[in-house]
Amino acid sequence: MAFEVAGRISVRFIRLSVGLGVGGLFLYETAGHAFPEAICKRALGPGGDEVPAKCIQIYEEMAAKMHLEHPERVSFFVNRGFSGFHAGATKLPNGAVIGIPGWYLFETAEDVMNSPINFKERTIKWESEMGQQIRDSLIPTKENIAFTIGHEIGHLQMPEYKILRAIMSPAWLYLTYKVAVSTTRFAPALSMLLDIALKLCILRLSYLGYRYVKREVNHHEEFNADKMSASTTVAAAQGGVDYMRKRLQLNSVLRALHGSSGESYYDQYGNELKARSHPKLTERLHRLESIFSEHMKQQVATKPGSDLNNGYVTMNHNGGGVPRYIFVDVGGTFPWAYNFLYHSDSKLTDSRRMSDSLKRHLAKIAFRLADANTMSPN
């Protein structure tokens, strides 16, 4: 008798817990978008730093080019994280917010070195090689800002992903519960231990399936937001490639600074091992390179008759997916493009410091790889 009473109480408790879980997941997925300023802006931008005017100007330009509806209903704040942020939608009553990465407040190397940035409460030696790499990774360009803002605008233009997550998480929990409790009904001959084991297997498989599906949805959304931003202008595409490279460089330095424990945070290329909700930075970089290459093909197509006095770019990858660039801007035909030689050892050499003979030698190598009027990745 006591066993039956305990069983009924436990069943009611589980039902109540599942109900609270379903409601809690729905609120978790929707509350921040319903009240972006009251929740997200207050939680992620407590410092109240003023967003630079150049960011607002670039937003207005990108919003117009990306045809964002009701752009005036987006407010900004400075996000303390390294990445951008978004919440809400311009069609919702409370509008939307976009968070600008905190390091976008820096304008010069001096700004970075005079900031309170430290590593484990130790002062960074900015004159060291690692210090210089950290500093260079934290100086944003207008192209970086354009890509980041365009990326967040892209998210705002894809409300279907927000709706999908708002439905998927609570529905998955409820369906998992219904399947788990059905084992007693459809397999009454099972002993209690076998029934419990079967329920645990169902819960485990459901969790693994949910984690996989949610990760794929998040990755697909990130790739689409990258594409929407980088496809808008060549500057945004260039900024996206440069942004990913800066993050990879910074993560590689942090991996070295952390010592042996750094290998559990970052891989050898700078990908964040624990950030499973986002795609690998090298994957995003590779896709952005392809978009940037398409922009450059169109630019070259509009400039027939290219010769050794014109710029040229080639791309290839070594085994680890680390990009290698050769760009030669001998005649200044493409002043907006990369003006450096990027070796596979991840060191940059500014082509403006190269001699004209070296530039022409590299140009000859580049033009042996493809026709003078086309540009193809290798």
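Residues numbered from 1 in each chain as written. Predicted model: local features only at pLDDT ≥ 70, side-chain atom pairs only at ≥ 80, totals over all residues. Heavy atoms only, no water.

Per an unreviewed UniProt entry, the chain goes by the name Peptidase M48 domain-containing protein and belongs to Nematostella vectensis.

Peer 1: What is the right way to read the environment of Arg135 from this model?
Peer 2: Residue placement: Arg135 occurs in helix α5 (residues 129-137). Taking the relative accessible area as the measure of exposure, Arg135 reaches 18% and is therefore buried. Taking C-alpha positions, Arg135 is 9.4 Å from Asp111, a pair spaced 24 residues apart along the chain. Leaving out residues up to four positions away in the same chain, Arg135 has contacts with Ala109, Val112, Met113 and Trp126. Side chain to side chain, Arg135 and Asp136 meet in a polar contact 3.4 Å long. (Helix = DSSP H or I, 4+ residues; strand = E, 2+ residues; numbered from the N terminus. Buried < 20%, exposed > 50% of the residue type's maximum accessible area, 1.4 Å probe, protein only. Contact = heavy atoms within 4.5 Å. Polar contact = N/O pair within 3.5 Å; in protein donor to acceptor, adjacent residues only side chain to side chain.)

Peer 1: For this particular structure, what's the right way to read unusual backbone geometry?
Peer 2: Backbone phi values are negative for most residues with the exception of glycine, while trans is the configuration of most peptide bonds. Its identity as a non-glycine residue notwithstanding, Lys120 has a phi of 55 degrees, on the positive side. Mapped onto the elements, Lys120 comes out in the loop between β4 (118-119) and β5 (122-123). Positive phi outside glycine occurs at Glu121, with the angle close to 65 degrees. For Glu121, the position within the fold is in the loop between β4 and β5.

Peer 1: Explain the packing of aromatic side chains here, please?
Peer 2: The geometry of an aromatic ring pair is captured by two quantities: the separation of the ring centres and the angle between the planes. Enumeration according to the criterion identifies nine aromatic pairs in this entry. Between Trp103 and Tyr104, the aromatic rings sit 4.7 Å apart at their centres with planes inclined by 70 degrees, giving edge-to-face as the arrangement. Just as Trp103 is buried, Tyr104 falls in that class too. With 6.2 Å between their ring centres and 25 degrees between their planes, Trp103 and Tyr243 make a pair best called stacked. Here Trp103 is found in the loop between β3 (96-101) and α4 (109-113), whereas its partner Tyr243 is found in helix α9 (residues 234-257), with 140 residues between them in sequence. Here the aromatic residues Phe82, Trp103, Tyr104, Phe147 and Tyr243 are joined through ring pairs into a cluster of three or more. Lying over the aromatic face of Phe223, Arg287 brings its terminal NZ or CZ to 3.6 Å of the ring centre. (Phe/Tyr/Trp six-rings, centres within 6.5 Å; stacked < 30°, edge-to-face > 60°. Lys NZ or Arg CZ within 6 Å of the ring centre and 35° of its normal.)

Peer 1: I tried to follow the pattern of salt bridges on my own but got confused; where do I start?
Peer 2: Side chains carrying opposite charge are able to pair once their charged atoms draw close together. With the rule as written, the count across this model stands at 12 salt bridges. The partner of Lys214 in a salt bridge is Glu29, and the shortest N-O contact between them spans 3.4 Å. With Lys214 in helix α8 (residues 192-230) and Glu29 in helix α1 (residues 2-34), this residue pair connects regions lying 185 residues apart in the sequence. Owing to a relative accessible area of 21%, Lys214 belongs among the partly exposed residues under this scheme. Here Lys91 ties to Glu69 by a salt bridge, and the two come within 3.5 Å at their closest N and O atoms. Taken as a pair, Lys91 in the loop between β2 (85-88) and β3 and Glu69 in the loop between α3 (53-65) and β1 (74-79) lie far apart in primary sequence, 22 residues in all. The exposure class assigned to Lys91 is exposed, which follows from its relative accessible area of 62%. Glu69 gets classed as partly exposed once you look at its relative accessible area, which sits at 43%. If you follow the salt bridges from partner to partner, you end up with Glu222, Asp226 and Arg284 in one network. (Salt bridge = Lys/Arg side-chain N within 4 Å of Asp/Glu carboxyl O.)

Peer 1: Is there a simple way to think about the side chain of Asn144 in this case?
Peer 2: Within the fold, Asn144 resides in helix α6 (residues 142-156). Polar contacts involving the side chain of Asn144 include one to the main-chain carbonyl oxygen of Gly239, which spans 3.0 Å. One polar contact links Asn144 to Asp242, side chain to side chain, over a distance of 3.2 Å. Among residues more than four places away in sequence, those in contact with Asn144 are Tyr104, Ile139, Gly239, Asp242, Tyr243 and Lys246.

Peer 1: What am I meant to see in α5 here?
Peer 2: Because an α-helix completes one turn every 3.6 residues, residues spaced three or four positions apart along the sequence face the same direction. Taken together, the buried positions of α5 are Gly131, Ile134, Arg135 and Ser137. The arc that holds every buried residue of α5, seen down its axis, measures 165 degrees, which confines them to one face. Looking at the buried side of α5, the elements it contacts are α4 and α9. (Arc of directions from axis to C-beta.)

Peer 1: Would you mind showing me how to read the sheet that holds β1 here?
Peer 2: What links the strands of a sheet is backbone hydrogen bonding, and the strands pair in either a parallel or an antiparallel sense. Taken in spatial order, the three strands line up as β1-β3-β2 in an open sheet, and their pairing is mixed. Here the strands that pair on one side only, and so sit at the sheet edges, are β1 and β2. Between one strand and the next, the sheet's axes are offset by a mean angle of 20 degrees, whatever the strand orientation. Across the sheet, helix α2 (residues 36-44) is in contact with β1, β2 and β3; its angle to β1 comes to roughly 20 degrees. (Pairing = 2+ DSSP bridges. Axes fitted to C-alpha atoms, helices over the stretch in contact; angles between N-to-C directions.)

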